[in-house]
Every structure is written in C-alpha cells, then in structure tokens.
Amino acid sequence: MATQGSKPTLTTTAGAPVPSNQDSITFGPRGPLAMQDYQLIEKLAHQNRERIPERTVHAPGWGAHGVLRITGDISKYTKAKVLQKGTETPMLARFSTVAGERGAGSHERDVRGFSLKFYTEEGNWDMVANNTPVFFVRDAWKFPDFIRSQKRHPKTNLRSPTAMWDFWSLSPESLHQTTILMSDRGIPATPMHMNGYGSHTFSLWNDKGERFWCKFHFKSEQGIKNLTNKEAESRMGVTRDGYQEDLFNAIEEGKFPKWKMQMQIVPEAAAAKFSFDPFDVTKVWPHKEYPLIDVGYFELNRNPENYFSDIECAAFSPSNVVPGISFSPDKMLQARIFAYPDAHRYRLGANYEQLPINRPRCPMAHYHRDGPMNYHGLQTGNVNAYYEPNSFGGAVEQPSAAEPPLRITDEAVVARFDHREGYDDFSQVRELFEKVMPPDEKQRLFKNIAAAMGGVSDEITERQCKLFDRVHPDYGTGVRKALQEVEPGAPNAVPVDEKTPQVVPDKANCSQKA
C-alpha cells in the first residue's frame, strides 16, 4: 500500500491515487460538473449502493466472535467432532429482535434471536435459535401469516396490536409462546442476560448408526435479567442501541459473557413414548422426565472489526449441519432448512457462503459455478472436473458422512435411495433400437455418435460402447466400427472441431460409476 508519511494514500477502488478528496472537477469555479470526474461518479454511485436488503425478520442485530469449548462426554450419542470432549471451536453469535426493522429499539417486547455459527473442521454448523424454548406456530404454512401480523399495517404503516392479537386469538397453538413473551422474560435487559434455545427437536447420530433425538439449551452464566415496560421505555428514551452498547462495551472491557451448553437427549424409539408430539415446536420437553446434560460452554471474547462485514453479512441457516448432527420431522424445522438459505441468496447473492464471515475454515470442494461475486472460481479440485461423475479427479462424495435413515414409521423412512437400483435403463432403448429404427437409420446413428466423439479419449469411448453393448451387441459393435472409419473433418453437429482442446482422463482418478 502506498503511503504518505504515516498515512496510507487515498485511492479509487481500482487502486489509482485520488488527487483531491475535497473538490469536484468543474468548468470554472462556478461552472457545471465535468463528466470526466470519474472519481466523483464512483463516490456517489457507491454511496447509492451501500445498503443491502435487510432481513425480513430479525433485522436489528448485535453480535461478536467467540469460542465453544466442550467439557462433557457425549460421544456415545454423536460422532460430530465439534461435540467431542476437549474440542475448541471458533464461532460467531448474533442476537436480534424479530419484528422491528433495522435500527428498531433494542428493548421492545419481542422474541430475541440467538444465532450461532461454529466453524468446525467438518464444515460450518449453525444453531439458529431464540431466547424462548417454543414458537408461535407449529406448521410453516402459518409462518408468513404470523410474521405479517407482527409487521406494519399496509395503510397506516404502523404496528398493529389488533393484528397481533387477532392472529394469536385465532391460533391456540401460539398460547405457550405468547405467555412467555408477555411474562417477565419478554424484555431481556441485555443480550448477555438471556438464555438461548434451539427450540426445535434435532437429532444426533453416532458411529454405530444409532440416532437420538435432542434439544439444545444455552444458559446465561450472567444470570437472567429483564426490564419492565416502564424500565424499557425509559431506557429507549435515552438510547435505542442499548444492546449494542452493552455487548460491545462488555467485551471491550474484558468482561467476556458465557453461556453453558446443555442438551436433552433420548433414544430414537423413545419418541413414540412421549405423551405429546416431541417434534412440536410449541412444546418443551419437561426437565424432570428428560434431564439436562452438561456439554460445555461458549464465550464471546472479540468484537467485530467491521459490523457490516461480520454481522450484517452473516448468514445463519439450520441447513448447516455436520456429520453426527441432523434434523427431525419438526415441520417448522423442515421449512426453515429451505427458507433461511433462500433468504440469504436473495439478500446477499448466490455465493453468500464465499463471504469471509460465512466461508468455512476447513477445506471444501463442490460443483457450484459462477454467479455474481464468485470470488474463488471453480472449486472441484480440478479445472476439467466441472460436472460429476467425471474422470478427472474431481471431488467425490464421502459415504461415511451419510446419516442413518430417519424413521417415521416402521414402513416409512427418510433416506437416500439409489436411483439406479431396481430400474432398467436398457429395455426401452433396446426396443427403440431393435424395433423402431430401420437399418439405414442405425447406420446414421453409429456415424453421428462417432462424429460426436472426435478427440474423446479411448478410455471414455470404450466405456460408453460397453453401455451400448448392454442395449444390443449390434449397437456397441456399430459404434466401434464407425469410430474406426470416421474421417478427420467429417460433418459434426456438435459445436466443436479438431482444434477444440480435449483432455485425457487421469487413470488414477477415472470414475468407474458407469
């Protein structure tokens, strides 16, 4: 970086030095602006684009970096490396309110978001939690309606208690959460003085393939502290940013807040013995029947250097799990698995997980391509491997990461079923080849295939011919003969020619899936 004394040189975003950051280029002291003042245009244009869409829910937020430390042994329940005793994992936390827009007052009576991102060696694990153990609705079909009842009236542009209570009074499943919201815990005094709850039922699975249902709890070690309506109004009369002040200042002063991590865990079969649906997010699991297990704690110990890049651009999603941690039949959880990353793609772009705050801190490889703001290009491990399966050493699946089937009933399970097992990929092609195609068309078929294989390696062409053999021996034989007879420069409807670069498979990495 160029410097002038102890100060860096001011530049454009393209790196050119800026001669003046005080005056525009004009036609004379009183004249109009010159279009050639591209530095002025850049400055104004960038200001117009400094804001990104705010979150539809949980728009106001406050967060910090920290570390998760596991002190308990739950290895018999999960193979997740992040949850093994002695593990320390860097993390990010973001607290929020639900209904207000960005800039809304910290101390409104509202549910608080309690989102955690753990940068594990097996990928990012996100816990998108709240400060309450239950939620207002149990079916995602009602979630948009619920949120709209909390937002501004389309005509008055004001929040509507009528809408809130109208929805709640027509939705008895909301009673549990509404009661908690209107209780003393409805206005936490600071982010540090409230608990966090995964709310949903999740699942764990171990190396034996055994599944367990679980609930996550994060208990504030600062204790619980709440405000009354009057105290909250008084605080917001002084500052609307009380949460940001409290969290930021505590960490700056070295008063690092901590939360104890606890879990409730039951065997998979135990779900049938509950007196209520254990996957209903409007219900808690009674601690007397399903006691809490101490797992560890997390500590927040570093403020973001840039709020926008670390907190506003942070993207949390329940779909971010790692081997050993998974989902449940909870309807709301299932919908959030889709809705959260979809919201991030809208708000931040298709490549939102390439942003530094969202990027995993472990090696990764995938076949996603291009799109706006793709900083890292192709990430398959080989430039020739931009599809899968391939013969060029591209990234391959890891079968050991497969979780056990999610059993819904004795007959129905949720799992990955081999899409080739039990299917016949040859009979109908054989019918087409034998009974529909006349001899002259078969010859043209052979020649067309041979022409389209120009420059393709012998290894790949022979692999394809073996598939043709399984349709009919004449099919494979015909193509092999046509390959031997094809003339250089022969007409070819495929948009390549003899100058189009081709690559030869790496035999050590050649796929044998076909």
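What you see is a predicted model; the values in this text were computed from it and never measured.

## Describing the overall build of the protein
Stage number 1. A count of helices and strands for the protein gives 12 helices and 14 strands.
Stage number 2. Here the C-alpha radius of gyration of the protein, 30 Å, is well above what a compact globule of 514 residues would show, namely 24 Å.
Stage number 3. Its C-alpha atoms give the protein principal-axis dimensions of roughly 90 × 85 × 50 Å.
Stage number 4. Restricting the contact set of the protein to residue pairs at least 6 apart, pairs at least 24 apart contribute 70%.
Stage number 5. Counting only carbon and sulfur atoms, one obtains 54% of the accessible surface of the protein, whose full area is about 29,400 Å².
Stage number 6. Distance from the positive charge centre (62 side chains) to the negative charge centre (64 side chains) of the protein: 4 Å.

## Quick notes on unusual backbone geometry
Stage number 1. Pro-389 follows Glu-388 through a cis peptide bond whose omega is 10°.
Stage number 2. Note that Pro-389 resides in the loop between α8 (331-347) and β13 (406-407).
Stage number 3. With a phi angle near 60°, Asn-157 is a residue other than glycine that sits in the positive phi range.
Stage number 4. Along the chain, Asn-157 falls in the loop between α2 (143-150) and α3 (161-169).
Stage number 5. Residues other than glycine seldom take positive phi values, yet Met-373 does so here, at roughly 60°.
Stage number 6. With respect to the helices and strands, Met-373 occurs in the loop between α8 and β13.

## Here's the deal with the side chain of Thr-89
Stage number 1. Position of Thr-89 relative to the elements: it lies in strand β4 (residues 88-97).
Stage number 2. For Thr-89, a relative accessible area of 4% translates into the label buried.
Stage number 3. If we skip the residues at most four places from it in the chain, Thr-89 touches Gly-66, Val-67, Leu-68, Val-82, Phe-118, Tyr-119 and Thr-120.

## Regarding the pattern of salt bridges
Stage number 1. For the structure on display, the rule yields 25 salt bridges.
Stage number 2. When the shortest N-O distance is used, the salt bridge between Glu-101 and Arg-152 registers 2.7 Å. Residue Glu-101 is located in the loop between β4 and β5 (112-120), and its partner Arg-152 is located in the loop between α2 and α3; the two are separated by 51 residues in the primary sequence.
Stage number 3. Relative accessible area serves as the criterion here: at 26%, Glu-101 is assigned to the partly exposed category.
Stage number 4. Overall, Arg-152 belongs to the partly exposed group, its relative accessible area being 36%.
Stage number 5. Residue Arg-138 is joined to Asp-280 by a salt bridge in which the shortest nitrogen-to-oxygen separation is 3.1 Å. One end of the pair, Arg-138, is in the loop between β6 (123-130) and α2; the other, Asp-280, is in the loop between β10 (258-267) and β11 (293-302), with 142 residues separating them in the sequence.
Stage number 6. A relative accessible area of 8% means that Asp-280 is categorised as buried.

## Digging into the pairing of strand β8 (residues 202-205)
Stage number 1. The alternating pattern of β8 places Phe-202 and Leu-204 on one face and Ser-203 and Trp-205 on the opposite face, and all of these are buried.
Stage number 2. Where β8 lies against strand β9 (residues 211-220), 4 bridges are found, and the strand directions are antiparallel. Across the sheet, residue Phe-202 finds its bridge partner in β9, namely Cys-214.

## Observations regarding α3
Stage number 1. Every buried residue belonging to α3 is among Met-164, Phe-167 and Trp-168, and all of these are buried. In an axial view of α3, the angular spread of the buried residues amounts to 95°, which keeps them on one side of the axis. Exposed and oriented more than 90 degrees from the buried face of α3 are Thr-162 and Ser-169.
Stage number 2. If you follow the buried residues of α3, they end up packed against α2 and α4 (175-181).

## Topic: the packing of aromatic side chains
Any two aromatic rings considered together are summarised by their centre-to-centre distance and by the angle between their planes.
Stage number 1. Summed over the entire model, instances satisfying the criterion amount to 29 aromatic pairs.
Stage number 2. The interplanar angle of 85° and the centroid separation of 4.8 Å between the aromatic rings of Trp-165 and Trp-168 together place this pair among those described as edge-to-face. Of this pair, Trp-165 and Trp-168 both sit in helix α3, 3 residues apart, which is roughly one turn of that helix.
Stage number 3. What makes Trp-165 partly exposed here is its relative accessible area of 45%.
Stage number 4. Judged by its relative accessible area of 5%, Trp-168 falls in the buried class.
Stage number 5. Through successive ring pairs, a cluster of aromatic residues spans Phe-135, Phe-136, Phe-143, Phe-146, Trp-165, Phe-167 and Trp-168.
Stage number 6. Here the basic side chain of Lys-117 rests over the ring of Phe-316, its NZ or CZ set 5.3 Å away from the ring centre.
Stage number 7. Here the basic side chain of Lys-442 rests over the ring of Phe-433, its NZ or CZ set 4.6 Å away from the ring centre.

What counts as what
Residues numbered from 1 in each chain as written. Predicted model: local features only at pLDDT ≥ 70, side-chain atom pairs only at ≥ 80, totals over all residues. Heavy atoms only, no water. Helix = DSSP H or I, 4+ residues; strand = E, 2+ residues; numbered from the N terminus. Rg over C-alpha atoms; globule rule 2.2 N^0.38 Å. Contact = heavy atoms within 4.5 Å. Areas by Shrake-Rupley, 256 points an atom, 1.4 Å probe, with all protein chains shown as cover. Lys, Arg positive; Asp, Glu negative; His and termini not counted. Charge placed at Lys NZ, Arg CZ, Asp CG, Glu CD. Buried < 20%, exposed > 50% of the residue type's maximum accessible area, 1.4 Å probe, protein only. Salt bridge = Lys/Arg side-chain N within 4 Å of Asp/Glu carboxyl O. Pairing = 2+ DSSP bridges. Arc of directions from axis to C-beta. Phe/Tyr/Trp six-rings, centres within 6.5 Å; stacked < 30°, edge-to-face > 60°. Lys NZ or Arg CZ within 6 Å of the ring centre and 35° of its normal.

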